[in-house]
Amino acid sequence: MPAPLASKPTVVPPLGETDRYLWHLDSSDGGRHVWHYDRPESNPTPYEALWGPDEGGVKLGKQTVESKFMLGLPLPLVEGLEDPEGDLWKAAKKGYEFYKRVQGPDGHWAGESSGPLFLMPGLVFALHITQTPLPQEWKIEISRYLANVQRDNGESDSGWGIDTRGSSTVFGTALNYIVLRIFGVDPDVPMMVRARTTLHALGGCRGIPSWGKVWLCLLNLYSWEGVNPLPPEMWLLPDSFPLHPHRWWCQTRNVFTPMSYLYSKRFQQPLGPLIWSLRFELFNEDYSKIRWHELRNFVCPKDLYQPHHWLADLSFFALGVVEPWIPFFVRKRATDFAYSMIVMEDENTTYQSIAPVSKALNMICRWVEEGPSSDAHRMHVSRVRDFFWMGEKGMTVCGTNGSQQWDIAFMAQALFETGLAKEPQNISSATRIIKWLDQAQIREDQRWSKEAYRHPTKGGWTFSTKEQAYPVSDCTSESLKAVMMLQSLSGVPNVISKERLQDSIDFILTYQNPDGGFSSFEPIRGPSYLELLNTSELFARIMTDYSYPECTTACLTALARFSATYPKYRSSAISKAKQRGFQYIRNTQRPDGSWYGSWGVCFTYATMFALESLSMSGESYSNSEAVRRACRFLISVQRSDGGWGESFRSCEEHRYIQHEETSQVVNTSWAILGLIHAQYPELEPLRRGASLIASRQRADGSWDREGIEGVFNHAVAFTYPNFRFSWTIWALGKVSNYSLPV
């Protein structure tokens, strides 16, 4: 068993805590995750008056096993569970027997896909600015969550970081401190004193990064004079211009657009007693004497991950000179165009946008433009709850509205490849999975596709739910494979037709880039030098999409599986795409034999995928030096306990770093599966790794959550709590059936 973590001082939630036995998860509406609290009838402010009706009727029944599990509450005991006693196949079976218990009624698995600590503040700020009240239970549980994840490492590190594992930064500390003050937490409460001490030790809010500057401007806690220009006129450039926003990565342009609208309006909420007080609390100097224009490019070194290129600073200087001379009618036309993009984004995504940051900014824009009584504001309010997640530590915000599709696609493949899907007791579960996959596929392009510069969506699957409406190359590819695997089994209905699978193939083929790799949300649209204008300060490689080994492997393996079943459909295009993709995988291997992972931690993750690609091209340990180099890398980082454990720092520093504590069951699963894809000729390393996974299994068949599993933009941690089931079960089942190559 892993060594126990160092104990943290007892956490005292500043607003107390609610009764977790009164929380109910409704996951029945197309995969939406909506948490309801069963308030006493005597409460004068019904929960539903603010957040809509309990459409699923979850409060009428008992708290489900699914809800209890997500809340960290004891589950009902199951009699007669067999002890695997070291049998890997039995351990895999027992793992899935547990996992079925928390499968949603519609087939998917809910989960807390969180980690970043700057997402929840944005939504709270949007609600505060638009004067939309939060339920008191939310305030209580958000405050409890922030108390649980607050750092406790002395005066310089007792705030909050950019994510739950990072050390304190101005960005994380300031935003979350403001949230607590909005909720009414007194500034003299010990946790607030500690956080404020850290903030002041970091220099106060004068050095907050650009995204933080914008949020503080909206709250009237910063001056727009301290923000580099965000000109909406960028949208008026010719579409063919290399710097036009439609060529940027979709996540970046969806944040820039509402920011540029609000910047052009110089919008700030009215002053009030709280704001006056915060102006004193957040800064080390007299607010009225701050020389704002001198702070435009100043960022606290602790926050700075991606420094400005000199060309970006020169561009900002030029924009600052030119902006006062922009004619009013040009600014109005640009602002109107930016607003039209916001409206189309809202309507394409049922008012969720691509992620919480742009959703919160869009909500403020619609309120500013159309008012609190508008349908737009009402729709935005109705979708806020899709992002908030109630868990054992309290309430937080997920990175999107969930990871439903991503999780179910991997679990479906694990069931098939281990043989668990053929077990009679699992047919019902597999049938619910295929029905989920059926309803989750996007079957048309979005209403505002061309006008909003959206990539075609027909045939795709998203990371979360269909209505989120941003399909991804690897989510689509993994889902396509899951469909084809499950529909090949007797007892599982064939609900997705050949024509719909062809739509997915057409969709996947559009994602291949000139280098042969496949990107994530869109094919690369802009030149690589756009990255010189990355002024986020917080993230790397955000100005365009990029090719990734993980996305490329997903696409290649989906194309290979499809063409094996339907060899006549677009055979030439698929063959060429595969050959170019395989070459991309070979070209991106690092000298040590590994591949860098951009979406999971880190080298074990990407190396597993790359080896899967090479296996589809007929390469194995016996005939490929690239595969042998990859295997040598994986074996070289196996730990003495038999497992693998990789630190999140690998993502940040671009070199393999062992986990600070112990092996991780998810990293171990990835390494095992990579070696199996390679047809590694020795069984002992696989057995040792699988034995470690089995040894971590609890008596009920589950596994505990361990370290961070995911990452985005090289610097921000992201959790995938369901990975501890899909990948462990997959690895255990595969090792139990693994035969050494002859």
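Per chain, the residues get numbers from 1 upward, laid out in the order the sequence is written. Whole-chain, interface and lining totals are the exception, using all residues; otherwise, since this is a predicted model, local features are given only for residues with pLDDT of at least 70 and side-chain atom pairs are given and counted only at 80 or more. The side-chain values count all of the structure's non-hydrogen atoms but skip hydrogen atoms and water molecules.

### Some remarks on the packing of helix 18 (residues 498–509) against helix 19 (residues 549–565)
- Inter-axis angles, ranging from 0 to 180 degrees, are taken between N-to-C directions of lines fitted to C-alpha atoms, where helices are fitted over the stretch in contact. Each helix is a run of H or I in the DSSP string that is no shorter than four residues. Each strand is a run of E no shorter than two, and both are numbered from the N terminus. Contact geometry for helix 18 and helix 19: axes closest at 11 Å, N-to-C directions at 145 degrees. For the pair helix 18 and helix 19, the crossing hand works out as left-handed. Note on element contacts: helix 19 touches helix 18 through C555, A558, L559 and F562, opposite L501, Q502, I505, I508 and L509.
- Three categories are distinguished: nonpolar for Ala, Val, Leu, Ile, Met, Phe, Trp, Tyr, Cys and Pro, charged for Asp, Glu, Lys and Arg, and polar for the others, with Gly belonging to the last. Split into classes, the residues belonging to the contact of helix 18 with helix 19 amount to 8 nonpolar, 1 polar and no charged. The hand of a helix crossing depends on one turn: near helix anticlockwise from the far one by less than a right angle means left-handed, and clockwise means right-handed. Two residues form a contact once any of their heavy atoms are found within 4.5 Å.

### Comments concerning the nonpolar core
- Take the buried Ala, Val, Leu, Ile, Met, Phe, Trp, Tyr and Cys residues and link them wherever side-chain atoms come within 4.5 Å; each set so joined is a nonpolar core. Type-normalised accessible area, obtained with a 1.4 Å probe on protein chains alone, sets the label of each residue: buried when under 20%, exposed when over 50%, and partly exposed for intermediate values. F118, I142 and L218 are the most contacted members of the largest nonpolar core, which totals 221 residues.
- It is helix 6 (residues 170–182) that contributes the most residues to this core, 9 residues altogether.
- For F118, the contacting residues outside a window of four places in its chain are I162, F171, L175, W211, V357, F539, F712 and V716.

### Examining the confidence of the model for the protein chain
- Per-chain confidence: the protein chain averages 94 in pLDDT, with 96% of residues scoring 70 or above.
- Scored from 0 to 100, pLDDT records how confident the predictor is in each individual residue. Within the model, the stretch residues 1–8 combines pLDDT values under 50 with 9 contacts to residues more than four positions away or in other chains.

### Overview of helix 21 (residues 603–616)
- Taking 1.5 Å of rise per residue, the 14 residues of helix 21 would be expected to cover 20 Å, and the 20 Å separating its terminal C-alpha atoms lies within 8% of that figure.
- Considered for burial, the residues of helix 21 that qualify are F603, T604, Y605, A606, T607, M608, F609, A610, L611, E612, S613 and L614.
- One or two positions beyond helix 21, positive phi appears at G618, with a value near 90 degrees. Expected span of a helix, by definition, is 1.5 Å for each gap between consecutive residues, and there is one gap fewer than residues.

### Describing unusual backbone geometry
- Of note, Y351 is a non-glycine position whose phi angle comes to about 65 degrees, a positive value.
- Mapping Y351 onto the fold places it in the loop between helix 12 (328–348) and helix 13 (356–370).
- Accessibility expressed as a relative area gives 11% for Y351, which makes it buried.
- For R570, which is not a glycine, the phi torsion comes out positive at approximately 50 degrees.

### A word on the pairing of strand 4 (residues 394–397)
- Strand pairing requires that DSSP identify at least two bridges connecting the strands. The pairing of strand 3 (residues 388–391) with strand 4 spans 4 bridges and is classified as antiparallel. Within strand 4, the residue paired with W389 across the bridge is T396.

### A look at a nonpolar patch on the surface
- Patch definition: residues with relative accessible area over 30% and no salt bridge; like charges joined within 9 Å; nonpolar side chains (Val, Leu, Ile, Met, Phe, Trp, Tyr) joined within 5 Å. Note that accessible areas follow from Shrake-Rupley with a 1.4 Å probe, and for residues the cover is restricted to the protein chains shown. Salt bridge criterion: a side-chain nitrogen from Lys or Arg within 4 Å of a carboxyl oxygen from Asp or Glu. Side chains of W310, L311, L314, F317, V321, V322, Y529 and L532 sit close together on the surface and give an oily, nonpolar patch of about 810 Å² of accessible area.
- Assignment of secondary structure puts L532 in the loop between helix 18 and helix 19.
- For L532, a relative accessible area of 30% corresponds to the partly exposed category.

### Things to note about the packing of helix 4 (residues 119–129) against helix 6
- Contact geometry for helix 4 and helix 6: axes closest at 9 Å, N-to-C directions at 40 degrees. One element, helix 4, and the other, helix 6, form an angle in the oblique class. The chirality of how helix 4 crosses helix 6 is left-handed. Judged by residue contacts, M120, P121, V124, F125 and H128 of helix 4 engage L175, N176, I178, V179 and I182 from helix 6. These descriptions rest on fixed angle ranges, namely under 35 degrees for roughly parallel, over 145 for roughly antiparallel, 65 to 115 for roughly perpendicular, and the rest for oblique.

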